[in-house]
Amino acid sequence: MTETRSNVAADGPSALRIRFLKQVPGGAVPLSSFAHPYPRFAVAESLSVEELLALPVAPEPAEDQLRLALVPAGLASPLELQKRAEDWMHRGGFSAGQPTAEIMLRSERILWRPGQALLIGPLERLQEVLPGLIEFSFYEGELRKLEREMEADWDTAEVDAYLTHSVDGKALERRAHVDEMTLQVTRRRMRFARLEPCLEKASISLLGPARRLASELAMQAEVIDRLGWLDDRIEVCEDLYELANDRLSEFSYFHREFRLEFWIIVLLVAEVVIMSIDLWLTARGH
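Right, let's walk through the structure included here. Just so it is clear, the structure is predicted and the values come from calculations on it, not from any experiment.

Some details on the overall build of the protein chain
- Along the backbone of the protein chain there are six helices and eight strands.
- The proportion of buried residues among the 286 residues of the protein chain is 41%.
- Taking all contacts inside the protein chain whose residues are at least 6 apart in sequence as the whole, residues at least 24 apart take part in 74%.
- Counting only carbon and sulfur atoms, one obtains 58% of the accessible surface of the protein chain, whose full area is about 15,700 Å².

Concerning the environment of Ser-205
- Position of Ser-205 relative to the elements: it lies in the loop between α4 (175–200) and α5 (208–220).
- Classification of Ser-205 by relative accessible area gives partly exposed; the value is 35%.
- Distance in space between the C-alpha atoms of Ser-205 and Pro-131 is 9.9 Å, their sequence separation being 74 residues.
- Side-chain polar atoms of Ser-205 contact the side chain of Ser-203, separated by 2.7 Å.

Some thoughts on the packing of aromatic side chains
- Following the criterion strictly, the structure yields six aromatic pairs and no others.
- Where Trp-112 meets Phe-136, the ring centres are 5.1 Å apart and the plane angle is 70 degrees; that geometry is what we call edge-to-face. Note that Trp-112 is positioned in strand β7 (residues 109–113) and Phe-136 in helix α3 (residues 123–160), a separation of 24 residues in sequence. Like Trp-112, the residue Phe-136 is buried in the burial classification.
- The residue whose ring lies beneath Arg-233 is Trp-154, and the NZ or CZ to ring-centre distance is 4.5 Å.

So, the packing of α3 against α5
- Between α3 and α5, whose axes approach to 7 Å, the crossing angle comes to 45 degrees. Taken as axis vectors, α3 and α5 run oblique relative to one another. Remark: the crossing between α3 and α5 carries right-handed chirality. In contact with Arg-125, Glu-128, Val-129, Pro-131, Gly-132, Leu-133 and Phe-136 of α3, α5 contributes Pro-209, Ala-210, Leu-213, Ala-214, Leu-217 and Ala-218.
- Here the residues of the contact of α3 with α5 sort into 10 nonpolar, one polar and two charged.

Remarks on unusual backbone geometry
- Cis rather than trans, the peptide bond between His-36 and Pro-37 has omega equal to 0 degrees.
- For Pro-37, the location among the structural elements is in the loop between β3 (32–34) and β4 (40–47).
- In this model, Glu-222 sits at a positive phi of 55 degrees, which is unusual for a non-glycine residue.
- Relative to the elements of secondary structure, Glu-222 occurs in the loop between α5 and α6 (223–285).
- Assessed through its relative accessible area of 44%, Glu-222 is described here as partly exposed.

Regarding α5
- Relative to the 18 Å expected for 13 residues at 1.5 Å per residue, α5 spans 18 Å between its end C-alpha atoms, a close match to the ideal helical length.
- Those residues of α5 that sit buried are Ala-210, Leu-213, Ala-214, Leu-217 and Ala-218. Down the axis of α5, the buried side of the element spans an arc of 135 degrees, and every buried residue falls inside it. Counted as exposed and oriented over 90 degrees from the buried face of α5: Gly-208 and Met-219.
- Among the residues trailing α5, Glu-222 stands out with phi positive, at a value near 55 degrees.

Structural notes on the side chain of Gln-116
- With respect to the helices and strands, Gln-116 occurs in strand β8 (residues 116–121).
- Here Trp-88 takes part through its backbone oxygen, which lies 3.1 Å from a polar atom of the side chain of Gln-116.

A look at the pattern of salt bridges
- Counted under the stated rule, the structure contains 22 salt bridges.
- The residue Arg-84 makes a salt bridge to Glu-50 at a minimum N-O spacing of 2.8 Å. Remark: Glu-50 occurs in helix α1 (residues 49–54) and Arg-84 occurs in helix α2 (residues 79–90); sequence separation between them is 34 residues.
- Residue Glu-50 is classed as partly exposed on the basis of its relative accessible area, which comes to 43%.
- Residue Glu-238 pairs with Arg-189 through a salt bridge whose shortest N-O separation is 3.0 Å. Here Arg-189 lies in helix α4 and Glu-238 lies in helix α6, a separation of 49 residues in the sequence.
- Of the residues examined, Glu-238 reaches a relative accessible area of 26% and is grouped as partly exposed.
- Within this structure, Glu-140, Arg-144, Glu-147 and Arg-226 form a network of salt bridges that share partners.

Calculation criteria
- Sequence positions are assigned chain by chain, starting from 1 and proceeding in written order.
- Totals for whole chains, interfaces and linings use all residues, but because this is a predicted model, local features are given only for residues with pLDDT of at least 70 and pairs of side-chain atoms are given and counted only at 80 or more.
- The side-chain numbers reported here are obtained from all heavy atoms of the structure, hydrogens and water having been left aside.
- Secondary structure elements follow DSSP: runs of H or I of four or more residues count as helices, runs of E of two or more count as strands, with numbering from the N terminus.
- Each residue's exposure class comes from its accessible area (1.4 Å probe, protein chains only) as a fraction of the maximum for that residue type: buried when under 20%, exposed when over 50%, partly exposed otherwise.
- Between two residues, a contact is recorded if the distance between any of their heavy atoms is within 4.5 Å.
- Surface accessibility follows the Shrake-Rupley procedure with a 1.4 Å probe radius. Residue values consider only the protein chains on display as shielding.
- Throughout this description, a polar contact denotes any pair of N or O atoms lying within 3.5 Å of each other; where both atoms belong to protein, one of them has to be capable of donating a hydrogen while the other can accept it, and for residues adjacent in sequence the pair is counted only when both atoms sit in side chains.
- Aromatic pairs are defined between Phe, Tyr and Trp rings, using the six-membered ring for Trp, whenever the two ring centres lie within 6.5 Å; interplanar angles under 30 degrees are classed as stacked, those over 60 as edge-to-face, and all others as tilted.
- We count a charge as sitting over a ring when the NZ of a lysine or the CZ of an arginine lies within 6 Å of the ring centre and within 35 degrees of the ring normal.
- Axes here mean lines fitted to C-alpha atoms, for a helix over just the part in contact, with angles spanning 0 to 180 degrees between N-to-C directions.
- For classification, angles of less than 35 degrees are called roughly parallel, those exceeding 145 degrees roughly antiparallel, those between 65 and 115 degrees roughly perpendicular, and all remaining angles oblique.
- Each crossing gets its handedness from the near helix: less than a right angle anticlockwise from the far helix is left-handed, clockwise is right-handed.
- For this classification, Asp, Glu, Lys and Arg are treated as charged, while Ala, Val, Leu, Ile, Met, Phe, Trp, Tyr, Cys and Pro are nonpolar and the rest, including Gly, are polar.
- A helix is expected to span 1.5 Å multiplied by its residue count minus one.
- Directions drawn from the helix axis to the C-beta atoms are what define this arc.
- Salt bridge, as used here, is a side-chain nitrogen of Lys or Arg placed within 4 Å of a carboxyl oxygen of Asp or Glu.

What follows is the structure, given as structure tokens:
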């Protein structure tokens, strides 16, 4: 469940840098709180639009924050400022490859891309849709985080694929690594299970315009397709490391049994040799 409060300036252009934090700093009042995939709070820092537009462009979109410009429509905002704000939305070219989504609601225009957004329209209407933007931005950032983690480990999983069939004594050296990867994949599956429902459908606690905005953003960001692709990747890694654990466990058991049987045979042979020597010495004594 998500709880959201509005924090839009009463008049004139404004900007916010919203961070999604584990704890609320002393004296701060969170705009929103989230329970899934783990507890987080949306805490806003007020900026001027000029300060926001002057911030350096990050090489990758931030997963734990949203830079947001709110520009009232009409005479309240100079046309030149609106144009600069739109240029800011298209600036940088993030390597994530997410194009800028543009949505028209009743009288407001929303531009969004990972980590940043621009809202143009009557301030009272912006107050209504802002909760939907914050909710979607948080959950989409968590989705990107999972996507990035799975992408970073994909090459490792491909290297480990040989562990799903025949293994040898050298493969046992990777047992600790396989255990760690199994734990990571399981935790990601748990995060995915908590995150998926939040992205498939906007929270019922959102009012109509905010909920509609969250749904429109999810469609333009291809969230359902991305959830499907991520689910497939997690499942592949789950199967891979389950098989790897089975093969390593089987080989480890075989290896222990083989060593035990080997030493039993050595002891039996030694006993036979000792008995033979004893019989030979006894026969010579007679």
